[in-house]
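Examining the three-dimensional arrangement
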Amino acid sequence: MTPRIAILPDAVADQIAAGEVVERPASVVKELVENALDAGARSVRIAIEDGGKTLIRVSDDGEGMSRADAELAIARHATSKIRSAVDLIGVGTFGFRGEALPAIASVSRFELETSPDGRSGTRLRVAGAKLEGVEDAVRQRGTTVTVRALFFNTPARRKFLRAQAAETRAVVDAVTVLALARPDVAFTLTSDERTLIDVPATTEPLDRVHGLWGRAFAETLVPVAHREGPLEVTGFAQRPAQAKPAGRKAHVFVHGRPIRDPFIVRAAEAGYRSTIAPGDRPSLLLFLELPGDAIDVNVHPAKLEVRFRDKFFVERVVEETVRNALAPLAAAAPFQDSGQPWQGDWSGGSIARQEAFFPESGATDATRPAFDILQLFETYLVFQSDSGVAIVDQHSAHERVLYEGAMRQLTGDGAPAQRLLLPLTLEFSPAELDAIDEHRPLLQRVGYEIEPFSGRTVVIHTAPNPHPRFDAAQCLQELVADLAGGRFGGWANRLERFAATFACRAAIKAGQHLSPEEMRELIGRLLTATLPAHDVHGRPTIVQLPKDELERRFGRT
Ligand SMILES: Nc1ncnc2c1ncn2[C@@H]1O[C@H](COP(=O)(O)OP(=O)(O)OP(=O)(O)O)[C@@H](O)[C@H]1O
Ligand SMILES: [Mg+2]
């Protein structure tokens, strides 16, 4: 009997392996640019034609290759980057498999030009894995790889390529991600001679973001930086008020390697809890550094995933990183998008201690700023700090303060409620009565002691006391209607949802006149909150107008 099993010819095996590495033009670009970066390039130039379907060319000024190395480079499992499996631990290069060049060369008309010294050079041509020629070439130090007629010999794959625009977009994305990973390297990308990306080398990651996505976007970001144990996280997170439901950018890098990890992105989003509107998706750029033995990079055919030894630790630290970045007042929204980040001293000098006007609002020691505050349109509170003008929305600010207070009450001892001299009786619909029943312990903790009376009527014995003009009956009616109507439905956590609904209804409203004392009290509370710059609906509580900006506008600088 003839054997049924036979070893595949190399060319066929290469093409099958290529299926994992080379999916579309963008994956070719990714592999070639990674090689250029691994070769120590300071500048990488990428050109494509017809979405990369007819031509892809990547040139670098890296270390280049000798002729012998160039010939080896297109053989499978030929790599200069590791020598044994141990070297995979903490591998610092993008490449380590020795797969990319042979895979690409097996499904295209491939040309490699390289020189290690700018004097001797090699040109090598391969078509569908077949070496067609090796010759001398004159060029500067570095390497240029040209890939023509991708998938010319695998028509099935060629058919799966998308329209030119879609393939071009995928190439732009691939280059963008690597350009984010390496701000210290210059990148250009042209598509049919049109320049799509042109960014110079920089030491400032934010310059790179600015170069790729523009100034307006870069200015919606606040820096993040946090270290815990072996893990360091740096990067940028978008201000909650500037996040939108669509079109966000989320990129995670581990030890310089771009990876796809929805869990890390979700952990970062969890850091936005209570500051962002449900459905809004903040942009995130996170660079994780941790020792090589804490990750395994060899778990995905295109190296798009890594495995963490302690995934939960990583997720927790990422969440904290984002949380910490949103806490300082520097995370407050700028007056306009071109505004400078706020770096002011918010105390305005001395802080006086006084009896609280907003007794319900959390911190037991009421600190009061000593500076003058002006109320505009009975809605906005304006004051000066050392470095500019702060404008606070009185409702949003009070909402944030009450939210944090309510969370403490719900998870701690509850609020010091005020016993009503004359108990209130209120009527509710059956659905609302159900909501009251369901939330009775939470209502009690924020200060509402409610008892069924008869039929649809309840009696309220105690009520919270968040500010002097608080209307306990109206607040309860609104709160219960929200709870019954499923408002704040996007909130995952029940306590947080309740606290946000309560804060929204109990807070002073826009259009309410405040005395100077009340304004000082409110601002004092806000400035000592944990997340002072963001309200609970994804809006800012504070907008900042830097003094610099005033000086610029009035021509004083
Ligand atoms: N632009 C370049 N400059 C200098 N050397 C290069 C360049 N591109 C490839 N090489 C050399 O060719 C070898 C093979 O490249 P290839 O991309 O196939 O494998 P790799 O990068 O080692 O691993 P991987 O398959 O994971 O990318 C590399 O190890 C490197 O030594
Ligand atoms: Mg490679």
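As the structure is a prediction and not an experimental result, all values here were calculated from the model.

Quick look at the nonpolar core now. Core analysis: the biggest nonpolar cluster contains 59 residues, and Val44, Ile46, Phe110 and Phe187 have the highest contact counts within it. Residue contributions to this core peak at 9 residues, all from helix 6 (residues 164-181). With residues up to four places along the chain from it excluded, the contact list for Ile46 reads Val29, Val33, Arg57, Val58, Val175, Phe187, Thr188, Leu189 and Thr190. One finds Leu433, Ile460, Trp491 and Ala500 within the second-largest nonpolar core, a separate group that totals 38 residues.

Attention now goes to the site of ligand 1. By nearness alone, 22 residues border ligand 1, and Thr79, Ser80, Lys81, Glu99 and Lys303 come closest of all. Measuring from an oxygen atom of ligand 1, one finds a side-chain N or O atom of Thr79 at 2.6 Å. Separating an oxygen atom of ligand 1 from a side-chain N or O atom of Lys303 is a distance of 2.6 Å. In isolation ligand 1 has 580 Å² of accessible area, and contact with the protein removes 95% of it. For the shell around ligand 1, the secondary-structure elements that each account for two or more residues are helix 2 (25-38) and helix 4 (100-106).

In this section: a nonpolar patch on the surface. A cluster of nonpolar side chains, namely Leu374, Leu376, Phe377 and Tyr380, defines an oily patch on the protein surface of about 430 Å² accessible area. Of note, Phe377 is situated in the loop between strand 19 (373-376) and strand 20 (380-385).

With that settled, consider the packing of helix 12 (residues 430-446) against helix 13 (residues 472-485). It is the contact of helix 12 with helix 13, at a shortest axis distance of 9 Å, that shows an interaxial angle of 105°. Classified by the angle their axes make, helix 12 and helix 13 are roughly perpendicular. Seen from helix 12, the contacting residues are Ala431, Glu432, Ala435, Ile436, His439 and Leu443; seen from helix 13, they are Leu476, Leu479, Val480, Ala481, Leu483 and Ala484. Partitioning the contact of helix 12 with helix 13 into residue classes produces 10 nonpolar, 1 polar and 1 charged.

Now for the environment of Asp184. In this structure, Asp184 sits in the loop between helix 6 and strand 7 (186-191). For Asp184, the residues in contact, after removing those within four places along its chain, are Arg42, Ala201 and Thr202. Only 2.9 Å separates the side chain of Asp184 from the side chain of Arg182, close enough to count as a polar contact.

Next up on the list: the packing of aromatic side chains. By the definition in use, this model includes 3 aromatic pairs. Their ring planes at 80° and their centres at 5.4 Å tell us that Trp213 and Phe217 sit as a pair that is edge-to-face. Note on Trp213: relative accessible area 23%, which makes it partly exposed. The ring of Phe263 has Arg266 sitting right over it, with the charged end atom 5.3 Å from the ring centre. In this structure, Lys303 is placed above the aromatic ring of Phe96, and the distance from its NZ or CZ to the ring centre is 5.2 Å.

Turning next to helix 6. For helix 6, spanning 18 residues, the distance from its first C-alpha to its last is 26 Å, which sits close to the expected 26 Å at 1.5 Å a residue. Of all 18 residues in helix 6, 13 are buried; the element is thus mostly enclosed.

Let us now look at the sheet that holds strand 23 (residues 449-454). The 3 strands lie next to each other as 22-24-23, forming an open sheet whose pairing is antiparallel. Only two strands of the sheet have a single neighbouring strand rather than two, namely strand 22 (418-427) and strand 23. Taken over all neighbouring pairs, the strand axes of this sheet differ in orientation by 20° on average, direction set aside. Strands strand 23 and strand 24 (457-463) of the sheet are contacted by helix 12, whose axis makes an angle of about 150° with strand 23.

Rules used in this analysis
- Residues numbered from 1 in each chain as written.
- Chains lettered and ligands numbered in written order.
- Predicted model: local features only at pLDDT ≥ 70, side-chain atom pairs only at ≥ 80, totals over all residues.
- Heavy atoms only, no water.
- Core = buried A, V, L, I, M, F, W, Y, C linked by side-chain atoms within 4.5 Å.
- Buried < 20%, exposed > 50% of the residue type's maximum accessible area, 1.4 Å probe, protein only.
- Helix = DSSP H or I, 4+ residues; strand = E, 2+ residues; numbered from the N terminus.
- Contact = heavy atoms within 4.5 Å.
- Near = heavy atom within 4 Å.
- Polar contact = N/O pair within 3.5 Å; in protein donor to acceptor, adjacent residues only side chain to side chain.
- Areas by Shrake-Rupley, 256 points an atom, 1.4 Å probe, with all protein chains shown as cover.
- Patch = residues over 30% accessible without salt bridge, like charges linked within 9 Å, V, L, I, M, F, W, Y side chains within 5 Å.
- Salt bridge = Lys/Arg side-chain N within 4 Å of Asp/Glu carboxyl O.
- Axes fitted to C-alpha atoms, helices over the stretch in contact; angles between N-to-C directions.
- Parallel < 35°, antiparallel > 145°, perpendicular 65-115°, else oblique.
- Nonpolar A, V, L, I, M, F, W, Y, C, P; charged D, E, K, R; others polar.
- Phe/Tyr/Trp six-rings, centres within 6.5 Å; stacked < 30°, edge-to-face > 60°.
- Lys NZ or Arg CZ within 6 Å of the ring centre and 35° of its normal.
- Expected span 1.5 Å × (residues − 1).
- Pairing = 2+ DSSP bridges.

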